[in-house]
Protein chains: 6
Amino acid sequence: MARKDGRAQTDPRAIEAVPGFHRNAEGSVLYRAGNTVVLCTASVDMGVPAWMIGKGSGWLTAEYQMHPRSSPEKREARDGRSKALSGRTQEIQRLIGRALRAAVDLKALGERTITIDCDVLEADGGTRTASVTGGFLALALAAHRLVRRGDARPFLHSPVAAISVGKIKNDLLLDLVYVEDRDADVDMNVVAMEGDQVIEVQGTAEGAPMSRAELDGMVNLALSGIATLTRMQRSLLAGEGVDLNQLKAQQESV
Amino acid sequence: MARKDGRAQTDPRAIEAVPGFHRNAEGSVLYRAGNTVVLCTASVDMGVPAWMIGKGSGWLTAEYQMHPRSSPEKREARDGRSKALSGRTQEIQRLIGRALRAAVDLKALGERTITIDCDVLEADGGTRTASVTGGFLALALAAHRLVRRGDARPFLHSPVAAISVGKIKNDLLLDLVYVEDRDADVDMNVVAMEGDQVIEVQGTAEGAPMSRAELDGMVNLALSGIATLTRMQRSLLAGEGVDLNQLKAQQESV
Amino acid sequence: MARKDGRAQTDPRAIEAVPGFHRNAEGSVLYRAGNTVVLCTASVDMGVPAWMIGKGSGWLTAEYQMHPRSSPEKREARDGRSKALSGRTQEIQRLIGRALRAAVDLKALGERTITIDCDVLEADGGTRTASVTGGFLALALAAHRLVRRGDARPFLHSPVAAISVGKIKNDLLLDLVYVEDRDADVDMNVVAMEGDQVIEVQGTAEGAPMSRAELDGMVNLALSGIATLTRMQRSLLAGEGVDLNQLKAQQESV
Amino acid sequence: MARKDGRAQTDPRAIEAVPGFHRNAEGSVLYRAGNTVVLCTASVDMGVPAWMIGKGSGWLTAEYQMHPRSSPEKREARDGRSKALSGRTQEIQRLIGRALRAAVDLKALGERTITIDCDVLEADGGTRTASVTGGFLALALAAHRLVRRGDARPFLHSPVAAISVGKIKNDLLLDLVYVEDRDADVDMNVVAMEGDQVIEVQGTAEGAPMSRAELDGMVNLALSGIATLTRMQRSLLAGEGVDLNQLKAQQESV
Amino acid sequence: MARKDGRAQTDPRAIEAVPGFHRNAEGSVLYRAGNTVVLCTASVDMGVPAWMIGKGSGWLTAEYQMHPRSSPEKREARDGRSKALSGRTQEIQRLIGRALRAAVDLKALGERTITIDCDVLEADGGTRTASVTGGFLALALAAHRLVRRGDARPFLHSPVAAISVGKIKNDLLLDLVYVEDRDADVDMNVVAMEGDQVIEVQGTAEGAPMSRAELDGMVNLALSGIATLTRMQRSLLAGEGVDLNQLKAQQESV
Amino acid sequence: MARKDGRAQTDPRAIEAVPGFHRNAEGSVLYRAGNTVVLCTASVDMGVPAWMIGKGSGWLTAEYQMHPRSSPEKREARDGRSKALSGRTQEIQRLIGRALRAAVDLKALGERTITIDCDVLEADGGTRTASVTGGFLALALAAHRLVRRGDARPFLHSPVAAISVGKIKNDLLLDLVYVEDRDADVDMNVVAMEGDQVIEVQGTAEGAPMSRAELDGMVNLALSGIATLTRMQRSLLAGEGVDLNQLKAQQESV
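On a predicted model such as this, the values are computed, not experimentally measured, just so you know.

S.K.: Break down the overall build of chain A for me, citing the residues and quoting the values.
M.R.: Across its full length, chain A holds 5 helices and 9 strands. The helix and strand sequence of chain A, counted from the amino end, reads β-β-β-β-α-α-β-α-β-β-α-β-β-α. A compact globule built from 254 residues should have a C-alpha radius of gyration of about 18 Å, and chain A, at 18 Å, falls within 12% of that. Within chain A, the fraction of its 254 residues that count as buried is 61%. Of the contacts formed within chain A by residues at least 6 apart in sequence, a portion of 71% connects residues at least 24 apart. Accessible surface computed for chain A: about 9500 Å², of which carbon and sulfur atoms make up 50%.

Laid out in structure tokens, this is it:
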């Protein structure tokens with residue numbers, strides 16, 4: 001199956017990232033995967049939610065928001081403005097939060113809350129996976145700043161990235177754009193760390209169900225894409241002077 | 001790992017179901033999986049949501065609600081009463097709807113809406129999977145009634161069931177009760193049809209991530225449990241005079 | 001006037017009750033009055049609402065909820081889900097709370113809150129009166145458990161029951177089913193204890209007003225029905241080993 | 001029992017009313033019963049709510065609102081402002097609407113909606129009964145204007161008034177002020193037309209229950225008070241040139 | 001340009017005010033400017049909002065509400081009832097609060113909160129300016145009562161009043177009524193103290209923009225009107241025995 | 001008074017603008033005034049709000065939103081998320097809408113709606129004025145695209161810009177940054193077109209009131225700043241190939 005943007009079925013989209021795009025947040029990146037653009041910021045506040053106070057542990061949470069004109073077609077209302085958030089937005093921001101908490105040793109973080117804001121400025125499919133992958137960059141930049149200033153000891157585990165896979169007719173495609181996602185029979189999102197360490201798998205058959213073998217093939221394809229993305233993360237952070245090995249939480253605090 | 005209720009690690013909980021428990025709904029079942037009790041009703045209404053009108057196709061949607069005293073410990077507020085539904089409830093009812101739509105040929109259903117209400121009366125883990133498995137029973141009973149009366153032609157594909165698997169330390173356990181779920185490092189819910197036809201996989205590592213091999217083992221264990229549950233569904237429905245083969249949607253309408 | 005279900009004008013509907021139907025609540029009953037079915041649970045929590053703290057007194061409150069398919073005709077939206085509760089639901093749950101508080105010596109209860117949840121599973125008129133009468137059964141079962149375990153001293157006054165009366169054309173009918181209620185010119189609900197001790201009277205002329213004599217007749221008919229219901233309550237509780245005399249609050253704490 | 005304001009136990013409060021106080025509404029009155037002050041307006045609009053369209057019948061509805069400083073003690077938040085209306089406010093405005101609909105021949109009114117707004121400016125008990133009694137005055141003034149201009153044919157039945165009765169210790173008191181209401185064991189509100197035609201009875205025992213005989217005594221006392229109030233209504237309206245007999249709906253349209 | 005009510009272009013409307021109209025509030029006035037009628041009450045409570053506690057300073061806030069029948073044309077829904085307040089209402093009550101805070105030495109007031117409720121009973125344009133001007137009268141009456149009783153030391157600065165100016169075609173008009181406001185190209189509201197001390201200017205060109213010279217002319221006209229209104233305030237308060245000079249905050253506490 | 005950023009009292013902040021930053025919107029700009037950064041997009045949709053249909057006229061509206069980390073200090077909750085918008089946000093977006101509608105000949109626009117989204121990414125005072133000035137750039141870029149493609153005839157009047165002025169002690173300062181705004185006694189925002197054509201003036205004395213002369217001085221200073229900004233707008237648009245003269249609405253359609 002030929003893809004509109006000329007990619008092979010097993011290729012992720014090209015990534016561009018502008019670290020420090022947002023100057024107030026402790027960490028930030030303007031993250032582009034093809035035509036999907038997400039502004040990811042990591043804000044660090046002292047203190048934790050009420051139900052965590054006194055446990056000596058930190059917290060990480062995420063918010064996800066579509067810009068009203070993120071679609072090329074037409075303007076949409078801001079989700080959740082003056083009314084309840086849609087189930088879709090809630091699902092996505094819960095997913096981002098779980099995915100990035102897996103990258104953090106909350107004990108080593110101490111009683112701080114890190115909030116990852118993912119504002120989707122332009123959308124062409126894959127906004128939740130871009131939010132996770134870009135969100136990790138913002139998180140690592142904030143961690144670097146905290147540790148460099150001596151405000152915290154190292155608290156990261158490993159890079160975390162996410163990508164989608166879809167089954168369209170009999171083809172498996174990596175990193176779907178909007179029109180591919182719309183036409184897919186099965187849509188799967190995978191979040192993982194380096195070394196095929198899986199954090200989250202969410203696969204849904206909207207059309208015909210998937211066989212056991214197809215499920216395996218989709219997971220494999222996703223993990224190959226995630227390996228590419230975590231290499232990109234290490235390289236981009238290195239260019240900013242951030243060495244993830246020095247931000248790694250020590251064994252004893254796990 | 002010994003389980004409190006004496007089950008083997010690969011055993012699902014014992015199921016009891018009271019078909020027709022709710023006398024007003026077109027189909028209903030009081031469904032018990034161990035100490036989890038869900039009242040599932042299927043209500044059939046003429047017409048479809050506004051965005052589907054005129055497509056000659058039907059719709060199926062689901063609502064999920066915890067009884068305020070579903071926990072043995074203490075009473076909780078009814079979620080979403082006089083305020084927005086929690087993200088958890090929204091995620092669950094979207095999952096139930098997707099899972100059971102996969103069992104239905106919406107074209108063959110015609111412009112009707114089936115609503116599956118899953119009221120969790122007592123909760124001991126696995127409420128979303130019990131809602132799917134019990135929800136299919138209510139759906140099949142309603143389909144039987146519609147078809148028998150000549151109000152609709154057959155519109156079901158296959159039994160659909162759901163079950164959870166968890167990884168606790170180094171063990172994989174099928175069909176987690178509450179305390180097992182709370183302690184699991186990885187929690188996975190799988191929805192499938194007969195014949196290992198997977199509809200949905202949702203696996204989340206709350207603690208350490210899962211390896212590729214563990215992911216495979218969890219899916220396999222879940223599918224073995226689902227095979228047991230779909231046999232139970234066929235048998236229970238047969239006892240009510242419902243033959244799923246006669247409710248099967250014809251090829252041409254797929 | 002002949003009644004569809006063959007009852008005399010002065011007969012209440014047949015009652016069935018399944019005590020302990022809900023296994024988590026401190027007290028519960030699945031209560032059926034004809035085709036009206038209400039699941040009543042009594043949950044006991046330590047502590048009282050903020051405005052009562054420190055008065056050495058307990059509290060009792062009630063919630064009422066219609067199952068979306070409680071009507072035989074069609075599914076309705078859950079009242080108050082993701083929006084404000086309707087006035088009708090609020091009126092009814094305030095009534096249930098007032099009625100059952102009258103059965104309780106709040107001083108003797110101590111700083112506990114009892115919540116009576118009345119979930120109407122199937123509705124054929126008289127859901128609020130069934131909630132009061134069934135709610136008392138759940139309350140008494142919870143009281144029995146608290147007292148037997150030595151967690152509280154006796155705190156009940158007397159059985160409390162409720163019933164409706166209607167005027168249709170020139171007839172007075174006891175315990176209206178839905179179609180009778182819909183056609184009544186006057187609709188009255190009475191809550192009382194044994195011995196014609198009236199707790200609440202609510203009579204409304206929807207059509208022509210009622211004369212003084214008709215009002216008297218309606219109250220009398222309701223009180224005769226309540227006498228039948230309180231005898232049923234004593235008898236059903238005795239079958240569960242509950243002796244209301246032993247749960248009676250002592251004089252000094254009134 | 002001596003009353004603070006010197007009234008006999010069977011005396012209603014002195015009434016003052018300023019007809020036409022609000023110059024924009026079709027009918028209005030500033031109504032004072034002792035220290036309770038309610039601004040009642042009747043607004044007439046063409047058309048009826050969606051569920052009544054095409055039935056050739058009109059509608060009457062009511063809104064009730066406490067001014068934030070209606071209490072002499074302190075300012076309270078406006079009920080329902082930027083949030084859901086309290087159950088109390090909803091109960092009261094539903095009562096006012098039912099009570100005044102009983103005064104109107106909706107067929108004769110034609111497809112119009114009359115809205116009675118009852119704004120309690122100052123409160124000393126009895127605000128719901130003052131709203132009904134004053135609301136009828138505003139309604140009659142609006143009816144007079146409609147009929148005189150030939151915009152509608154006569155559509156009223158009879159004056160409607162409301163009053164409270166309370167049992168305090170062993171005394172029955174008519175038309176309770178705030179402190180009497182607060183201390184009453186039983187509180188009853190009665191709405192009736194001339195000639196002891198009862199529209200609504202709502203009696204609640206907050207403390208000890210009421211006997212059958214006490215209930216009778218309370219109804220009798222309330223009806224004597226209502227007779228006084230309907231005479232006052234006729235007289236006050238006559239002073240404004242309004243003859244209720246000329247506004248009376250004709251037999252055939254009942 | 002001839003005005004419907006015969007006023008010169010530079011004349012404000014005639015004012016009538018009934019001090020003490022609301023008997024429960026510490027200060028109140030029923031304020032009429034032509035056909036605009038506002039009930040203004042000032043309520044004094046001990047304590048301040050959470051964010052001001054411990055600063056030794058008081059607070060003043062305002063609420064604005066239109067009566068549903070304030071328009072002569074037809075009844076409107078109460079703004080903000082059971083839903084969010086409109087932006088218009090919020091803007092107006094923030095303006096009233098700012099305007100009247102300028103009249104108060106908050107330090108001298110001490111840790112009290114004064115709430116000015118402005119209920120517009122009848123509306124013919126200029127409701128926000130009438131609320132400010134009438135609101136000051138209620139405030140001064142409340143201040144007089146506090147100071148006379150020795151509950152507070154003097155805390156007022158100067159009378160504050162507000163008025164509108166509009167540009168219609170080439171004319172500048174003072175104190176617009178509704179139809180003038182609707183047709184104006186530019187609409188300006190000015191709040192000031194005696195001596196042309198400006199507190200707030202809000203001018204908006206709805207049609208063609210205003211030149212620098214027109215802006216000056218509008219401000220001048222508004223200030224002449226405010227001078228008339230503050231004289232009226234002093235005179236009316238004097239008639240109630242209130243001498244503003246004795247309520248004036250002392251220099252040192254500014 | 002020396003300013004922290006070295007500007008003279010009468011200097012506006014340096015402006016940077018990235019036209020076309022958002023690739024989906026019909027017009028967009030990333031607008032920086034000092035440390036205040038606003039993403040402005042103009043989206044054009046066919047059709048108008050319900051109350052304008054059939055008038056042959058278009059509409060322009062605006063939304064304003066602070067990014068949760070727009071403050072350098074700490075993260076704030078997104079205003080209006082899952083609850084009502086604050087009065088501040090509503091005031092600001094109403095102001096932006098009014099200001100930019102003044103730049104548009106709505107008749108010439110035809111039955112289209114233009115929505116200006118102003119997302120404040122970083123905030124250092126002056127976010128509402130930056131939204132107006134940047135919003136005009138996005139609007140002009142969208143107009144250019146519509147006209148160039150022949151989708152609409154020219155519909156703009158003139159550049160529109162906004163700026164703030166403050167009085168701190170005895171100094172008047174142009175274009176306040178956050179700390180200056182916080183300390184100002186008087187804060188004024190002015191919106192105007194080229195040639196000192198004033199669209200909106202909003203001045204508020206938070207501390208001491210302003211004299212007539214000070215008011216004049218503030219308006220003059222603001223207008224000088226606006227002249228600078230409209231020159232910048234013309235120049236920046238010219239660099240994008242946009243000639244405002246060619247987008248000017250023709251006389252006859254005014």
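Moving on, there is more to tell.
S.K.: Kindly report on the relation of the copies chain F and chain A, identifying the contributing residues and their values.
M.R.: When chain F is fitted to chain A, the residual RMSD is 0.0 Å, and the transformation amounts to a turn of 180° plus an axial shift of 0.0 Å. Viewed as a symmetry operation, the transformation between the two copies matches a two-fold axis. Within chain F, F:Arg81 has its C-alpha nearest the rotation axis, a separation of 2.5 Å. Residue by residue, 100% of the interface of chain F is reproduced at the interface of chain A, so both copies engage with the same surface.

S.K.: Can you explain the side chain of F:Arg101? Please cite residues and give values.
M.R.: Along the chain, the position of F:Arg101 falls in helix H1 (residues 87–101). Buried F:Arg101, no salt bridge; nearest opposite-charge side chain is E:Glu206, N-O distance 5.5 Å. If near-sequence neighbours (up to four positions away) are discounted, F:Arg101 is found in contact with F:Trp59, F:Leu60 and F:Leu106.

S.K.: Account for the packing of helix H3 (residues 127–148) of chain A against helix H5 (residues 212–239) of chain A, with residues named and values stated.
M.R.: Residues and elements named next belong to chain A. Closest axis-to-axis distance for the H3/H5 pair is 11 Å, and the angle between their directions is 30°. It follows that H3 is roughly parallel to H5 by the angle criterion. The hand of the H3/H5 crossing is right-handed. The segment H3 lies against H5, with Thr133, Phe136, Leu137, Ala140 and Leu141 engaging Leu229, Met232, Gln233, Leu236 and Leu237.

S.K.: Lay out the packing of aromatic side chains with the relevant residues and their values.
M.R.: In this structure the tally under the stated criterion is 9 aromatic pairs over all chains. Ring centres 5.9 Å apart and planes at 20° place the aromatic pair B:Phe21 and C:Phe21 in the stacked group. Highlighted residues: B:Phe21 in the loop between strand E1 (15–19) and strand E2 (27–33) and C:Phe21 in the loop between strand E1 (15–19) and strand E2 (27–33), drawn from two different chains. Given the relative accessible area of 13%, B:Phe21 is considered buried.

S.K.: Lay out the pairing of strand E8 (residues 186–193) of chain B with the relevant residues and their values.
M.R.: In regular strands, side chains alternate between the two faces of the sheet. All names here are of chain B. The element E8 is largely enclosed, with a buried count of 7 among its 8 residues. Sheet topology note: the strand E6 (residues 160–168)/E8 ladder contains 8 bridges and is antiparallel. Bridge pairing in E8 links Gly166 to Asp187. Inspection of the sheet shows E8 paired to strand E9 (residues 197–205) by 8 bridges, in the antiparallel sense. In the sheet register, Met188 faces E9, and the bridge partner there is Gly203. Where E8 hands over to E9, the hairpin turn is made up of 3 residues, of which Gly195 adopts a positive phi near 75°.

S.K.: Go over the relation of the copies chain B and chain A, please, and point to the residues and values.
M.R.: In the superposition of chain B on chain A (RMSD 0.0 Å, axial shift 0.0 Å), the rotation amounts to 180°. Of the interface residues in chain B, 100% have counterparts in chain A that sit at the interface too, so the contact is made through matching surfaces.

S.K.: So what's going on with unusual backbone geometry? Which residues, and what values?
M.R.: Apart from glycine, the bulk of residues carry a negative phi angle, and the bulk of peptide bonds sit in the trans form. Positive phi outside glycine occurs at A:Asp175, with the angle close to 60°. Of note, A:Asp175 is situated in the loop between strand E7 (171–174) and helix H4 (178–183). Look at B:Asp196: it is not a glycine, yet its phi comes out positive at around 55°. In this fold, B:Asp196 is placed in the loop between E8 and E9.

S.K.: Describe the pattern of salt bridges, with residues and values.
M.R.: Scanning all chains against the criterion turns up 114 salt bridges over all chains. B:Glu26 is the partner of C:Arg69 in a salt bridge, and the nearest nitrogen-oxygen pair spans 2.4 Å. Residue C:Arg69 is found in the loop between strand E4 (59–66) and helix H1 (87–101), and its partner B:Glu26 is found in the loop between E1 and E2; the two belong to separate chains. Residue D:Asp216 is joined to D:Arg212 by a salt bridge in which the shortest nitrogen-to-oxygen separation is 2.8 Å. With D:Asp216 and D:Arg212 both in helix H5 (residues 212–239), this residue pair falls 4 residues apart, about one helical turn. For D:Asp216, a relative accessible area of 22% puts it in the partly exposed group.

S.K.: How would you explain the nonpolar core if you had to name every residue and give the values?
M.R.: Formed by 152 residues in total, the largest nonpolar core has its most connected members in C:Leu139, C:Phe155, D:Leu139 and D:Phe155. Excluding anything up to four places from it in sequence, C:Leu139 contacts C:Ala42, C:Leu60, C:Leu100, C:Ala103, C:Val104, C:Ile114, C:Ile116, C:Phe155 and C:Leu156.

S.K.: Provide a residue-level description of the interface of chain B and chain A, including the pertinent values.
M.R.: Listed per partner, the contact involves 30 residues of chain B and 30 residues of chain A. Buried area between chain B and chain A, both sides added, is near 2500 Å², and the carbon and sulfur share of it is 49%. Here chain B is connected to chain A by 4 salt bridges. For the interface between chain B and chain A, the tally reads 16 residue pairs in polar contact (both at pLDDT 80 or more). Those elements that provide at least two residues to the side of chain B that touches chain A are helix H1 (87–101), E9 and helix H5 (212–239) of chain B. Ranked by residue count, the leading element in the side of chain B that touches chain A is E9(B), at 9 residues. Relative to E9(B), strand E9 (residues 197–205) of chain A runs antiparallel, the two sharing 5 bridges.

S.K.: Summarise H3(A); cite the residues concerned and give the values.
M.R.: The periodicity of an α-helix, 3.6 residues per turn, causes residues three or four positions apart to be oriented the same way. Residues and elements named next belong to chain A. With 22 residues, H3 should reach 32 Å at 1.5 Å per residue; the first-to-last C-alpha distance of 31 Å fits that figure. Within H3, 18 of the 22 residues are buried, which leaves it mostly tucked inside the rest of the structure. After H3 finishes, the residue Gly150 shows a positive phi value of roughly 75°.

S.K.: Quick rundown of the interface of chain F and chain A? Include the residues and the values.
M.R.: Bring the parts together and some accessible area is lost; that lost area is often taken as the interface size. Chain F puts 42 residues into the contact, and the matching count from chain A is 42 residues. Regarding the contact of chain F and chain A, the summed buried area is about 3200 Å², with carbon and sulfur atoms giving 37% of it. Scanning the region where chain F abuts chain A turns up 16 salt bridges. Our enumeration of links across chain F and chain A arrives at 36 residue pairs in polar contact (both at pLDDT 80 or more). Those elements giving two or more residues to the side of chain F that touches chain A turn out to be strand E2 (27–33), strand E3 (36–46), strand E4 (59–66), H1 and strand E5 (112–122) of chain F. When residues of the side of chain F that touches chain A are assigned to their parent elements, the largest contribution, 6 residues, is made by E3(F). Classifying every residue of the side of chain F that touches chain A gives 13 nonpolar, 15 polar and 14 charged.

S.K.: Go over the sheet that holds strand E5 (residues 112–122) of chain B with me, naming the residues and quoting the values.
M.R.: All names here are of chain B. Read across the sheet, 5 strands follow the order E1-E2-E3-E5-E4 without closing on themselves; strand pairing throughout is mixed. In the strand order of this sheet, the two ends are held by E1 and strand E4 (59–66), each with one partner. Strand-to-strand twist of the sheet, defined as the mean angle between neighbouring strand axes without regard to direction, takes the value 20°. Strand direction decides the pairing type here: E4 and E5, joined by 8 bridges, are parallel. When the sheet's bridge partners are listed, Glu63 is paired in E5 with Asp117. Contacts between H1 and the sheet are confined to E4 and E5, with E4 contributing the most and set at about 145° to the helix. Against the sheet, helix H3 (residues 127–148) engages E1, E2, strand E3 (36–46), E4 and E5, with an angle of about 40° to E3.

S.K.: Go over the side chain of E:Asp175 with me, naming the residues and quoting the values.
M.R.: Given the relative accessible area of 5%, E:Asp175 is considered buried. Setting aside residues no more than four positions away along its own chain, E:Asp175 makes contact with E:Arg3, E:Arg7, E:Asp11, E:Pro12, E:Arg13, E:Ile163, E:Ser164 and E:Glu180.

S.K.: Can you break down the state of the cysteines residue by residue, with the values?
M.R.: All names here are of chain C. Throughout the structure, instances matching the rule amount to 0 disulfides over all chains. Unpaired in this structure, Cys40 has its nearest cysteine sulfur neighbour in Cys118, at a distance of 4.3 Å. What makes Cys40 buried here is its relative accessible area of 0%.

S.K.: Kindly report on the environment of F:Leu60, identifying the contributing residues and their values.
M.R.: Residues and elements named next belong to chain F. Looking at the element boundaries, Leu60 is found in strand E4. Linking Leu60 and Arg128, residues 68 residues apart in sequence, is a C-alpha distance of 17 Å. Other than its neighbours up to four places away in sequence, Leu60 contacts Gly97, Leu100, Arg101, Val104, Leu106, Ile114, Ile116 and Leu139.

Calculation notes
Residues numbered from 1 in each chain as written. Chains lettered and ligands numbered in written order. Predicted model: local features only at pLDDT ≥ 70, side-chain atom pairs only at ≥ 80, totals over all residues. Heavy atoms only, no water. Helix = DSSP H or I, 4+ residues; strand = E, 2+ residues; numbered from the N terminus. Rg over C-alpha atoms; globule rule 2.2 N^0.38 Å. Buried < 20%, exposed > 50% of the residue type's maximum accessible area, 1.4 Å probe, protein only. Contact = heavy atoms within 4.5 Å. Areas by Shrake-Rupley, 256 points an atom, 1.4 Å probe, with all protein chains shown as cover. Least-squares fit on C-alpha atoms with pLDDT ≥ 70 in both. Lys, Arg positive; Asp, Glu negative; His and termini not counted. Salt bridge = Lys/Arg side-chain N within 4 Å of Asp/Glu carboxyl O. Axes fitted to C-alpha atoms, helices over the stretch in contact; angles between N-to-C directions. Parallel < 35°, antiparallel > 145°, perpendicular 65-115°, else oblique. Left-handed = near helix turned anticlockwise from the far one by under 90°. Phe/Tyr/Trp six-rings, centres within 6.5 Å; stacked < 30°, edge-to-face > 60°. Pairing = 2+ DSSP bridges. Core = buried A, V, L, I, M, F, W, Y, C linked by side-chain atoms within 4.5 Å. Buried area = accessible area lost by both parts, 1.4 Å probe. Polar contact = N/O pair within 3.5 Å; in protein donor to acceptor, adjacent residues only side chain to side chain. Expected span 1.5 Å × (residues − 1). Nonpolar A, V, L, I, M, F, W, Y, C, P; charged D, E, K, R; others polar. Disulfide = S-S within 2.5 Å.

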